[in-house]
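# Structural characterization, general
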Amino acid sequence: MTAHTEQDTDLINVDVAIVGGAMAGATLALGLKGLADSLKRPLKIALIEAHRPNSEHPGFDARSIAIAHGSIFELTKLGLWPKLAHLGTPIENIHISDRGHMGMTELNADSFHLNYLGQVVELERVGQVLFKLLDDTDISLYCPNKLASVEAKVDAQLLTLDDGTRISTSLLVAADGVNSKVREAFKQPLEQVDFGQTALIANVETDKAHDNWAYERFTNTGPLAVLPMSSNQGGGRVSLVWALDPDQAKLLLSIPKPDFLRALQTAFGSRAGQFTSVGERYSYPLMLSYMPRPIYHRTVFIGNAAQTLHPIAGQGFNLGLRDLVSLLEVIKQALQDETQDKPVDLGSAQIAHAYLQSREQDRNSTITNIEFLVRGFSNEHWPLVAGRSLGLRLLSWFPPLKTPVARTAMGWKQFG
């Protein structure tokens, strides 16, 4: 890795500059490096990130995420999952239920002849590994640095960082999250849907081992997800994501831990055992945000910069990973078609539009399905209650119906 900590007086020219070095940005940078090495075609890559990974980092914070089976397949192809596998806790079974009603079903890895449906990882620990991998490459990492300004030129994007460093790039990739500075600089539209919910997240200990079960429980305030994590001796450890009314979330963040655990036990039930301890509690508002058109002049938006999903189905990172995998495929195709007489311009409109076309169907269907799930499972109107209870029961009675549900859960929209 080429580290930059002092102000550079000369303009630095790169092929690809990535703003945002969290999960999506760091993975893309390493994927581009692997692509360049495999094609024996040097690429100058710059990655701009404001923070090293730690628990306060907005992209590598204390949360855990579920990486779907299809995403692990793609991370393996990129050569990254073998470096991350020791951090994963397998999800072998998923129990889905509707609190206060009869609807429930299960998804089991064995039924699909798989070892697991996905893996749960802690973001901070993943960030440490990804940055160590970056340190071992010639990727130019500007960290800690923030984007101060960006100026669109005909043949490049000109970035100025907070320390005065100036970078000219053929292709700019915005991976800088829902509050993307790149999107704001170009005044690109962002559609938002406020679900009127707040996510409360925490790590919780239980009195029994989780045995690699994950739980999704639908309540009248929204979904409550419990994911298996690496266990402590004598018990289990799980990651909690609880969608709540904002006022209720504020109350549950402030009450003493024993009172919180009792409220959680009441809402969730006893399938995971007794909740015995809870760590720090965090919260964030739940909204659907998406760019109608996640490209601009010499610029591509990926991950949460392009769309941010409700965590109801755990598809946020998995959709973002499919963004960057599609971008890598488009770039790979362009580089393979490159000739000495016709060098590739990675920031060309052809590449941006090829990326846009490759993502349209998967992106639109995922966003639509997530919004449908949130609205369908976050209220107590009796026709919807009856419909979702029947739907969950049908999945239990007729196992073949589970296949499309499982394929979505495992990230097999376009893989497999």
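What this report covers is the structure whose coordinates are included nearby. Numbering of residues begins from 1 in every chain and follows the order in which that chain's sequence is written. Under the rules for a predicted model, residues below a pLDDT of 70 receive no local features and side-chain atom pairs below 80 are neither given nor counted, while totals for whole chains, interfaces and linings still include all residues. Just so you know, side-chain values use all the structure's heavy atoms and leave hydrogens and water out.

### What to know about the overall build of the protein chain
- Elements are defined by DSSP. Helices are runs of H or I of four residues or more, strands are runs of E of two residues or more, and each kind is numbered from the N terminus. Helix and strand counts for the protein chain stand at 11 helices and 21 strands.
- Three labels apply to residues, based on accessible area from a 1.4 Å probe with only protein chains included: buried if under 20% of the type maximum, exposed if over 50%, partly exposed otherwise in between. Across the 416 residues of the protein chain, 54% fall into the buried class.
- A contact between two residues is defined here by any heavy atoms of the two lying within 4.5 Å. Here the contacts in the protein chain between residues at least 6 apart in sequence split such that 74% fall between residues at least 24 apart.
- Carbon and sulfur atoms make up 53% of the accessible area of the protein chain, which totals about 18,600 Å². Note on areas: these come from Shrake-Rupley sampling with a 1.4 Å probe, and a residue is covered only by the protein chains present in the view.

### Examining empty space enclosed by the protein
- Of the grid points, spaced at 1 Å and generated over the protein atoms alone, those admitting a 1.4 Å probe that cannot get out make up cavities, while open sets with protein on both sides within 12 Å along at least five of seven lines make up pockets; any residue with an atom within 4 Å of a point is treated as lining. Grid points are joined across faces, edges and corners, and a volume is the space filled by probe spheres set on the points. By the definition in use, this model includes 1 cavity of 30 Å³ or more.
- Quantified by volume, the largest cavity comes out at close to 30 Å³.
- Every residue along the wall of the largest cavity is listed here: His 95, Ser 97, Tyr 215, Arg 217, Phe 268 and Arg 271.
- Counting residues per element, the ones that place at least two in the lining of the largest cavity are strand 6 (93–98) and strand 14 (213–219).
- Classification convention: Asp, Glu, Lys, Arg as charged; Ala, Val, Leu, Ile, Met, Phe, Trp, Tyr, Cys, Pro as nonpolar; all other residues, Gly among them, as polar. Split into classes, the residues belonging to the lining of the largest cavity amount to 2 nonpolar, 2 polar and 2 charged.

### What about helix 7 (residues 257–268)?
- With 12 residues, helix 7 should reach 16 Å at 1.5 Å per residue; the first-to-last C-alpha distance of 16 Å fits that figure.
- For helix 7, the set of buried residues is Phe 260, Leu 261, Leu 264, Gln 265, Ala 267 and Phe 268. The buried residues of helix 7 occupy an angular sector of 165 degrees when the element is viewed end-on, so they sit on one face. Turned more than 90 degrees away from the buried face of helix 7, the exposed residues are Arg 262 and Thr 266.
- Structurally, helix 7 contributes buried residues whose contacts are with strand 13 (191–206), strand 14, strand 15 (222–229), strand 16 (236–244), helix 6 (246–254) and strand 17 (275–278).
- Once helix 7 finishes, Gly 269 follows within two positions and takes phi at roughly 95 degrees, a positive value. Expected span, for any helix, means 1.5 Å times one less than how many residues it has. Each C-beta atom gives one direction from the helix axis, and the arc is the one those directions make.

### Some thoughts on the pairing of strand 18 (residues 282–290)
- Only strands that DSSP links by at least two bridges are regarded as paired with each other. Across 9 bridges, strand 13 lies against strand 18 in antiparallel orientation. Looking at the pairing, Leu 200 lines up with Ser 283 of strand 18.

### Examining the environment of Leu 32
- With respect to the helices, strands and loops of the structure, Leu 32 is situated in helix 1 (residues 23–39).
- Each C-alpha atom, one on Leu 32 and one on Lys 44, is 9.5 Å from the other, the two residues being 12 residues apart in sequence.
- In contact with Leu 32, other than residues within four places in its own chain, are Val 16, Ile 18, Leu 43, Ile 45, Leu 328 and Ile 331.

### So, unusual backbone geometry
- A cis amide bond, omega 5 degrees, links Cys 143 with the succeeding residue Pro 144.
- Positionally, Pro 144 belongs in the loop between strand 9 (140–142) and strand 10 (147–152).

### Description of the pairing of strand 6
- The buried count for strand 6 comes to 6 of 6 residues, which makes it a mostly enclosed element.
- Along strand 6, one buried face is formed by Asn 93, His 95 and Ser 97 and the opposite face, lined by Ile 94, Ile 96 and Asp 98, is buried too.
- When strand 6 meets strand 14, the two strands line up parallel, connected through 6 bridges. By the bridge assignment, Asn 93 is partnered in strand 14 with Trp 213.

### Some points on the packing of aromatic side chains
- Aromatic rings from Phe, Tyr and Trp, taking only the six-membered ring of Trp, are treated as a pair when their centres fall within 6.5 Å; an angle between ring planes under 30 degrees marks them as stacked, one over 60 as edge-to-face, and anything in between as tilted. Evaluation of the coordinates by the stated rule reveals 5 aromatic pairs.
- When the ring of Tyr 215 is compared with that of Phe 268, the centres are 5.4 Å apart and the planes differ by 90 degrees; the resulting orientation is edge-to-face. Residue Tyr 215 is located in strand 14, and its partner Phe 268 is located in helix 7; the two are separated by 53 residues in the primary sequence.
- Among the aromatic residues, those joined into a cluster by ring pairs are Trp 213, Tyr 215, Phe 268 and Phe 275.
- Distance and angle both matter: a charge sits over a ring if NZ of Lys or CZ of Arg is within 6 Å of the ring centre and within 35 degrees of the ring normal. Sitting over the face of the ring of Phe 260, Arg 281 holds its NZ or CZ atom 5.1 Å from the ring centroid.

### Things to note about the sheet that holds strand 8 (residues 118–122)
- Read across the sheet, 3 strands follow the order 4-8-5 without closing on themselves; strand pairing throughout is antiparallel. Only two strands of the sheet have a single partner each, and these edge strands are strand 4 (64–68) and strand 5 (89–91). Put simply, the sheet's adjacent strands are angled 30 degrees from each other on average, direction ignored.
- Both strand 5 and strand 8 contribute to a ladder of 3 bridges, which runs antiparallel. Every axis corresponds to a line fitted to the C-alpha atoms, with the helix fit spanning only the stretch in contact, and the corresponding angles, defined between N-to-C directions, vary from 0 to 180 degrees.

### Thoughts on helix 1
- Its 17 residues give helix 1 an end-to-end C-alpha distance of 24 Å, which sits within 8% of 24 Å, the value for a rise of 1.5 Å per residue.
- With 13 of its 17 residues buried, helix 1 lies for the most part within the structure.
- Two residues or fewer past helix 1, Lys 40 is found with a positive phi of approximately 50 degrees.

### Let's talk about the packing of helix 1 against helix 8 (residues 316–336)
- With their axes 10 Å apart at the nearest point, helix 1 and helix 8 run at an angle of 25 degrees to one another. What the angle tells us is that helix 1 and helix 8 run roughly parallel. The element helix 1 and its partner helix 8 pack so that their crossing is right-handed. When helix 1 is examined against helix 8, the residues Met 23, Ala 24, Thr 27, Leu 28, Gly 31, Leu 32, Leu 35 and Leu 39 are found in contact with a partner set consisting of Phe 317, Leu 321, Leu 324, Leu 327, Leu 328, Ile 331, Lys 332, Leu 335 and Gln 336.
- Its residues placed into classes, the contact of helix 1 with helix 8 shows 13 nonpolar, 3 polar and 1 charged. We call two directions roughly parallel when the angle between them is under 35 degrees, roughly antiparallel when it is over 145, roughly perpendicular when it lies between 65 and 115, and oblique otherwise. Left-handed describes a crossing whose near helix is turned anticlockwise from the far helix by less than a right angle; the clockwise case is right-handed.

### Re the side chain of Ser 180
- By the element assignment, Ser 180 lies in the loop between strand 12 (166–174) and helix 5 (181–185).
- Judged by relative accessible area, Ser 180 falls into the buried class, the value being 0%.
- Pairs of N or O atoms are called polar contacts if they sit within 3.5 Å, as long as, within protein, a hydrogen donor faces a hydrogen acceptor (for residues adjacent in sequence, only side-chain-to-side-chain pairs). In terms of polar contacts, Ser 180 uses its side chain to reach the side chain of Asp 176, at 2.7 Å.
- With near-sequence residues (within four places) excluded, Ser 180 lies in contact with Ala 174, Phe 301 and Ala 305.

### Regarding the packing of helix 1 against helix 4 (residues 123–135)
- At a minimum axis separation of 10 Å, helix 1 and helix 4 run at an interaxial angle of 30 degrees. With respect to each other, helix 1 and helix 4 are oriented roughly parallel. Regarding helix 1 and helix 4, the two cross each other, and that crossing is left-handed. The residues of helix 4 that touch helix 1, namely those facing Met 23, Ala 26, Thr 27, Ala 29 and Leu 30, are Leu 123, Val 126, Leu 130, Leu 133 and Leu 134.

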